[in-house]
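Commentary on secondary and tertiary structure
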Amino acid sequence: MLKLLKHLKQSVWAVILIVILLGIQAVCDLALPEYTSNIVNVGIQSGGIEDTIPEVIRKTQLERLLLFVPQQDRQQILDGYTLIDKSSASAEQLKNYPEVRNQPIYCLNQISQEQRQIIREKLVQPMMLVSGFESDSEQVEQFEQQIKQTIPEQMQSLDIFEIFQMMPAEQLNEIIDQIKEQFSQMPEMIIEQSAIVFLKNEYTALGMDTDKIQNNYILFTGIKMLAIALASMVATVCVGYLAAKVAARMGRDMRRQVFGKVVSFSNAELDHFSTASLITRSTNDIQQVQMLMVMLLRVVFYAPIMGVGGVIKVLGTDTSMAWIIGLAVLMILGLVSVLFAVVMPKFKLIQKLLDRLNLVTREILTGIPVIRAFSTQDYEEKRFDKANQDLTKTNLFVNRVMTCMMPMMMLIMNGITVLIVWNGAHSINNGNMQVGDLMAFIQYTMQIIMSFLMISMVSVMLPRASVSVTRIDEILNTQVAVKDPIHPEAAHQLQHGVLEFRNVSFRYPNAEEDVLSDLNFTAKPGQTTAFIGSTGSGKSTLLNLIPRFYDVTQGEILVDGVDIRKLNQHELRDKIGYVPQKGVLFSGTIESNLKYADRQISDKQMKLAAQVAQATDFIEAKEEGYQSDISQGGTNVSGGQKQRLSIARAIAKDPQIYLFDDSFSALDYKTDMTLRKALKEHTENSTVLIVAQRISTILHAEQIIVLDEGKIVGKGTHEELMKTCEEYQQIALSQLSKEELNHE
């Protein structure tokens, strides 16, 4: 995770905005179940009456309620109300409360929440008692009969409330205490529901439209829910957009960093990382990280807010079922832990197998001519099938394990829902919970479970992305063997193209022996220095040391009197025109390839370079000439044409030093001779180094260096070496007869 965070430095503000939006989204999502509960509890069950305190009440009904309120508290309640009748009521009050025309009513004043709470607490039980006494239940009738048996016969015709009003205070309080004692074991929710029933009846008696009250409550609550859902949707869309943008930007930057790092690699680092692996790390691995980043930004910040918020809401709804949440979380964590332990090692293996598949595919596609020539198609198909099958089997295993996750999660979620309904039904039956609370509890529980599910999904993606991040960091953290000096020196102005090897030795990284040992020679402008020797003698390696594809192990190489390790790499390579052993062309046109070193090269210089390289004939024979297309790798031109275009590209650069690494091998003898003659005239002020296998290519070089097992065994002109160097004589006589050598 920490490795990922360092790649988000450029998107700090976007991430902060995402967190804010996710907070808004979570708050909105957490608010919706509460509104759903209110619609059921208040809108449907309570008829839209939100509070158990009477907003308006008939004078006769309030007097009945006050019968069951202690004497010392009655005045405090009356102070919260204003008594109005048809003469003192406003037009709006007359419209809203038609019954005021027939009898006085009390209207609740604008009082503080604290005063409202006091009145609510003192009137809620009296409302239940009055509502009960006004009902025609058998229990009420039995109670009335018991009361009437204790009073004089002339009072028995009165209703129960008139009897209570005429009773002595002590007797009334005693009866009230008995009634309250019977209700003491009653759940508070039932008492509140009874108070709501009293209020609905009272509002109906006042002439208020209770259906309108109910419909308005449901309508306004629904509008609030729609607004909250809309805000959540906007936040979700914005988060999705920003997360995708941040992830795409991070992927772009990572690709840029990886590519820039790979381009800076010397051959030593390129040998350490295979080409197939570098391609996989630059594409598939970064794609895995990018996909994970989208999920992280959308889930990792959102899920904890939802989970914690859901737990808080659940505890506020009904703590008696909080254990169900704990059970669900433990089951999910247990499932995810098992899956994580099984799948994690396979994710690491998948990336390695993907590298292997890319390697095999690349080798087969680039080597198709050789494969066909040796009729090994069946073998290569089996090799590809094995790499493909290994990757497929591992992917199938991972996918099969992961497909078990969703059904198991759904089983847990559905099982938890059933458990909540079963447990909640008992609470509703006992009067400890309302239906809306149960619905809200289920929604909050699902939100909590979904939060852990989302985190689980990320945790499943995390191992593979973690492997990918590690592989990417391996590239970014690799120390490049060939570096620019902190304070580069400038080449001497008096020398141009002078190349000198001083006691140079070199061995490849982790090799046990030197490939080149104690090389000393100087190559000067206007001269051709040629290298010849048996296969594996170190000729190409020697040439690769000059542009610093590798750095020498011992000794030093000087260009214009300065150690090349003290020169800036760009400045050094700007002096060099390099033609590799295997000609490399880039997709584009002939012109774009010849002007590859500098787009500012004039057409005249380009055509001159093509003429020197003996490429003019086949270029001009093409219908589009220099604008002819070159396919990737130059596969639409022959080997000889590719070599001549590579040579022309180096000539067009007009460097001080030319490096030809066996660059004439694909040319016929006549073209080779003509090209070398034209090249000699064109490079009369440049230093030319040629690695060759054919004696005919280097016969006229001013300096020929013979290598054998990385050591110089001969140095001089052709005539001198024929007299003094046995190895050179053997090479020369193996290729040409004495008469041909004398003729040359």
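Note: the structure precedes this text.
Everything in this summary refers to the structure shown in the same document. (Residues numbered from 1 in each chain as written. Predicted model: local features only at pLDDT ≥ 70, side-chain atom pairs only at ≥ 80, totals over all residues. Heavy atoms only, no water.)

So, on to the environment of Ala-597. Take Ala-597: it is sitting in the loop between helix 22 (590-594) and helix 23 (603-612). Residue classification places Ala-597 among the partly exposed positions, given a relative accessible area of 42%. Sequence separation between Ala-597 and Val-258 is 339 residues; the distance between their C-alpha atoms is 23 Å. (Helix = DSSP H or I, 4+ residues; strand = E, 2+ residues; numbered from the N terminus. Buried < 20%, exposed > 50% of the residue type's maximum accessible area, 1.4 Å probe, protein only.)

The subject of this paragraph is helix 3 (residues 59-66). Inspection of helix 3 places Gln-61, Leu-62, Leu-65 and Leu-66 among the buried residues, and these make up the whole buried set. The buried residues of helix 3 occupy one face: seen down the axis, they fall within an arc of 140 degrees. Its buried side turned inward, helix 3 meets strand 1 (56-58), helix 4 (71-79), strand 3 (105-108), helix 6 (113-134) and helix 10 (188-205). (Arc of directions from axis to C-beta. Contact = heavy atoms within 4.5 Å.)

Applying the stated criterion to the full structure yields 24 salt bridges. With its nearest N and O atoms 3.0 Å apart, the salt bridge here joins Asp-51 to Arg-116. Highlighted residues: Asp-51 in the loop between helix 2 (12-45) and strand 1 and Arg-116 in helix 6, separated in sequence by 65 residues. For the pair Asp-51 and Arg-116, a shared accessibility class is recorded, and that class is buried. A salt bridge links Glu-500 to Arg-502; the shortest N-O distance between them is 2.9 Å. Using a relative accessible area of 23% as the deciding quantity, one classes Glu-500 as partly exposed. (Salt bridge = Lys/Arg side-chain N within 4 Å of Asp/Glu carboxyl O.)

A word on the packing of aromatic side chains. Within this structure, the stated rule accounts for nine aromatic pairs. Ring centres of Phe-506 and Tyr-508 lie 5.0 Å apart, and the angle between their planes is 80 degrees; this geometry places the pair in the edge-to-face category. With relative accessibility at 2%, the residue Phe-506 sits in the buried group. According to the relative accessible area criterion, Tyr-508 is partly exposed, its value standing at 27%. Ring geometry for Tyr-508 versus Tyr-550: centroids 5.2 Å apart, planes at 85 degrees, classification edge-to-face. Placement of Tyr-508 in the loop between strand 4 (499-506) and strand 5 (516-523) and of Tyr-550 in the loop between helix 20 (539-545) and strand 7 (554-559) is noted, with a sequence separation of 42 residues between them. (Phe/Tyr/Trp six-rings, centres within 6.5 Å; stacked < 30°, edge-to-face > 60°.)

Quick look at the sheet that holds strand 7 now. The strand order across the open sheet formed by four strands is 5-4-7-8, and the pairing between neighbours is antiparallel. Of all the strands in the sheet, just strand 5 and strand 8 (562-563) have a single pairing partner and so form its edges. With two bridges joining them, strand 7 and strand 8 adopt antiparallel strand pairing. Within strand 8, the position partnered with Leu-558 by the bridge is Asp-563. (Pairing = 2+ DSSP bridges.)

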